[in-house]
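Below are the chains, spelled out letter by letter.
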Amino acid sequence: MDTRVVVIGGGVIGCAAALALARKGARVTLLERDAIAAGASQAAAGMLAPLSESDAPGCLATAGLEALAMHKSSAQALEEIAEMPIAATLAGTFMLARDEKQTEALRRRLAWQRELDDSIALLEGDEVNRAVPGLGEGFLAGLHYPAEMQVDARSYTIALATAAVAAGVEVVQGKPVIAFRRSGERVIAVETPEAVINADRFLVATGHDASLLHSLGVALPLQPVKGDLLRLRPARGVTRSIIFAPGGYLTPKANGTLLVGATEQPGRHDHVVEAASVAQLLEFAFSVLPSLRQARFVAVQSGLRPALPDRLPAIGPIPGLEGVFVAVGHYRNGILLAGWTAERLARAMLGGEDCIPAGFLPARLLGT
């Protein structure tokens with residue numbers, strides 16, 4: 001194979017795609033305008049939680065479970081190739097309820113999710129406090145997802161980029177793409193401030209930034225959803241599991257810190273963290289695990305989640321533009337779906353396979 005591919009965007013999706021394409025024999029150049037993992041990938045919580053992040057059955061839950069299985073089978077090999085840890089931790093997830101309405105919602109989730117994973121269990125009353133020691137008052141029930149896991153998002157992204165380089169990918173940082181060149185309906189090259197790069201295929205994986213797509217006349221309705229999260233260092237050990245509760249989540253990390261997330265502010269393009277956001281997240285954390293009042297404050301982070309109106313990603317070819325594919329809009333599931341997205345894209349881009357669910361194709365949002 002002598003297919004030449006340019007991947008635009010050095011976040012987790014772009015890095016995973018570049019690696020998958022190179023492993024299938026393509027000659028790949030990855031162009032990142034800033035630095036690898038400089039965007040949403042460095043601020044993600046790194047949760048690999050397909051069912052606790054899915055509110056209804058459908059392609060997101062199905063793809064997420066397949067993606068989780070891929071993570072479990074590939075994490076060790078990725079660490080060995082990249083010669084760095086990604087802090088993969090299999091400790092499960094708890095999703096908690098404070099009142100009867102929320103408890104009933106958990107029962108409805110369990111009804112359809114047990115068909116996908118029969119290890120999920122509903123805990124009620126004292127079972128919840130025994131399973132999650134140190135909980136605050138008022139929790140009536142919780143769903144336990146023992147198969148879910150997490151990684152360090154930034155380390156995982158950098159490991160993918162390192163493995164991509166080892167597979168022959170040329171990674172170019174600090175070089176923005178400023179324009180495409182076309183011949184009729186086919187895109188034939190991209191321009192950077194220093195060069196024109198010709199290729200057979202192009203993948204746009206630019207997170208929430210749709211400006212390059214708009215320059216091609218592609219009106220994908222991408223927008224950022226700003227999210228702030230806190231990093232604390234508990235004074236003593238807390239649960240190793242991810243905890244979802246009304247108002248946010250707690251994610252204990254392998255290095256002993258704990259992430260508290262996350263606010264949601266659609267349409268915000270800035271990284272300003274306001275005092276109200278910090279207060280909101282701290283209040284949530286203390287209500288779930290009161291011992292966190294003694295935790296040391298480490299940092300506050302802000303990221304811009306790439307979102308589409310249906311909160312599903314757009315993955316696949318752009319109708320009417322030959323050679324152009326996209327992988328954007330992964331919202332809260334970019335770390336989870338990166339490898340799955342990359343594998344499906346590589347098969348579609350290089351082999352013409354029809355392997356991407358219709359619910360993820362960009363055509364659904366373009367009126368075609």
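Preceding block: the structure.
Residues numbered from 1 in each chain as written. Predicted model: local features only at pLDDT ≥ 70, side-chain atom pairs only at ≥ 80, totals over all residues. Heavy atoms only, no water.

J.: Would you mind going over the nonpolar core with me for this structure?
T.: Soluble, globular proteins show a tendency: their nonpolar side chains are buried together. Core analysis: the biggest nonpolar cluster contains 56 residues, and Leu 21, Val 28 and Tyr 156 have the highest contact counts within it. Mapped onto this core, the elements with two or more residues apiece are β1 (4–8), α1 (12–23), β2 (27–32), α3 (59–82), α6 (153–166), β20 (324–328) and α9 (334–351). Not counting chain neighbours up to four residues away, the residues in contact with Val 28 comprise Arg 4, Val 5, Val 7, Ala 18, Leu 21, Ala 22, Gly 168, Val 169 and Glu 170. (Core = buried A, V, L, I, M, F, W, Y, C linked by side-chain atoms within 4.5 Å. Buried < 20%, exposed > 50% of the residue type's maximum accessible area, 1.4 Å probe, protein only. Helix = DSSP H or I, 4+ residues; strand = E, 2+ residues; numbered from the N terminus. Contact = heavy atoms within 4.5 Å.)

J.: Can you help me understand the packing of α1 against α9 in this one?
T.: Helices that pack against each other are described as a pair by the angle of their axes relative to one another and the distance between those axes. Taken N-terminus to C-terminus, the directions of α1 and α9 make an angle of 40°; their axes are 8 Å apart at the nearest point. One finds that α1 runs oblique with respect to α9. Relative to α9, α1 is oriented so that their crossing is right-handed. Between α1 and α9, the residues in contact are Val 12, Ile 13, Ala 16, Ala 17, Ala 20 and Leu 21 and Gly 334, Ile 335, Ala 338, Gly 339, Thr 341, Ala 342, Glu 343, Ala 346, Met 349 and Leu 350, respectively. Of the residues assigned to the contact of α1 with α9, the class counts are twelve nonpolar, three polar and one charged. (Axes fitted to C-alpha atoms, helices over the stretch in contact; angles between N-to-C directions. Parallel < 35°, antiparallel > 145°, perpendicular 65-115°, else oblique. Left-handed = near helix turned anticlockwise from the far one by under 90°. Nonpolar A, V, L, I, M, F, W, Y, C, P; charged D, E, K, R; others polar.)

J.: Sorry if this is basic, but what is going on with the sheet that holds strand β8 (residues 170–173) here?
T.: For sheets, the rule is that strands pair by backbone hydrogen bonds, running either parallel or antiparallel. Within the open sheet, the six strands sit side by side as β8-β2-β1-β12-β20-β19. Their pairing is mixed. Taken across any chain shown, the strands that pair with only one partner, and hence form the sheet edges, are β8 and β19 (314–317). Going across the sheet, the axis of each strand differs from the next one's by a mean of 15°, ignoring polarity. α1 contacts β1, β2, β12 (201–204) and β20 of the sheet and is inclined by roughly 170° relative to β2. (Pairing = 2+ DSSP bridges.)

J.: What exactly am I supposed to notice about the pattern of salt bridges here?
T.: Should their charged atoms come close, side chains of opposite charge can pair. The tally for this structure, following the rule as stated, stands at 18 salt bridges. One salt bridge connects Arg 33 with Asp 34, and the closest N-O pair in it is separated by 3.7 Å. In this structure Asp 34 comes out as partly exposed when scored by relative accessible area, which is 46%. Among the ionic pairs, Arg 181 bridges to Glu 191, the shortest N-O distance being 2.8 Å. One end of the pair, Arg 181, is in strand β9 (residues 179–183); the other, Glu 191, is in strand β10 (residues 186–191), and ten residues separate them in sequence. (Salt bridge = Lys/Arg side-chain N within 4 Å of Asp/Glu carboxyl O.)

J.: Would you mind showing me how to read the packing of α3 against α6 here?
T.: Direction vectors running N to C along α3 and α6 enclose 65°, while the axes themselves pass 9 Å from each other. When the interaxial angle is binned, α3 and α6 end up roughly perpendicular. As α3 runs across α6, the sense of the crossing is left-handed. Across the interface between the two elements, His 71, Leu 78, Ile 81 and Ala 82 of α3 pack against Tyr 156, Ala 159, Leu 160, Thr 162, Ala 163 and Ala 166 of α6.

J.: Can you help me understand α3 in this one?
T.: By the largest-angle criterion, Ser 74 marks the main kink of α3, which is about 50°. For α3, the set of buried residues is Leu 60, Ala 61, Ala 63, Gly 64, Ala 67, Leu 68, His 71, Ala 75, Leu 78 and Ala 82. Where α3 is buried, its residues contact β3 (47–48), α4 (100–113), β7 (149–150), α6 and α9. Of the residues flanking the end of α3, it is Glu 83, one or two places downstream, whose phi is positive at about 55°. (Bend = angle between axes of the 7 residues up to and from the residue.)

J.: I keep staring at the pairing of β12 and nothing clicks. Help me out?
T.: Each regular strand shows side chains that alternate between the opposite faces of the sheet. Direction of pairing for β1 relative to β12: parallel, over a ladder of four bridges. Looking across to β12, one finds that Val 7 is bridged to Leu 203. Here β12 pairs with β20 via three bridges, running parallel. Looking at β20, one finds that Phe 202 is bridged to Val 324.

J.: Just to check I follow, could you spell out α6 for this structure?
T.: Helical geometry: 3.6 residues make up each α-helical turn, so side chains three or four residues apart lie on a common side. Under the 1.5 Å per step criterion, the end-to-end length of α6 is 20 Å for 14 residues, consistent within 8% with the ideal 20 Å. Among the residues of α6, those classed as buried are Ala 153, Tyr 156, Thr 157, Ala 159, Leu 160, Ala 161, Ala 163 and Ala 164. Where α6 is buried, its residues touch α1, α2 (40–43), α3 and α9. Of the residues trailing α6, Gly 168 is marked for its positive phi of about 105°. (Expected span 1.5 Å × (residues − 1).)

J.: In this structure, what is going on with the environment of Thr 3? I would like to understand it.
T.: Among the secondary structure elements, Thr 3 is positioned in the segment before β1. C-alpha separation for the pair Thr 3 and Gly 25, spaced 22 residues apart in sequence, amounts to 7.8 Å. Once you skip the residues sitting within four places of it in the chain, Thr 3 turns out to touch Ala 26, Arg 27, Asp 200, Arg 201 and Leu 350.

J.: Looking at this model, I keep getting lost on the packing of aromatic side chains. Mind explaining?
T.: Think of a pair of aromatic rings as described by two things: how far the centres are apart, and how the planes are tilted against each other in angle. Applying the stated criterion to the full structure yields three aromatic pairs. Measuring from ring centre to ring centre gives 6.4 Å for Phe 180 and Phe 202, while their planes differ by 90°; the resulting arrangement is edge-to-face. Highlighted residues: Phe 180 in strand β9 and Phe 202 in strand β12, separated in sequence by 22 residues. Each member of the pair Phe 180 and Phe 202 is classed as buried. When the ring centre of Tyr 331 is taken as reference, the NZ or CZ atom of Arg 311 above it lies at 4.9 Å. (Phe/Tyr/Trp six-rings, centres within 6.5 Å; stacked < 30°, edge-to-face > 60°. Lys NZ or Arg CZ within 6 Å of the ring centre and 35° of its normal.)

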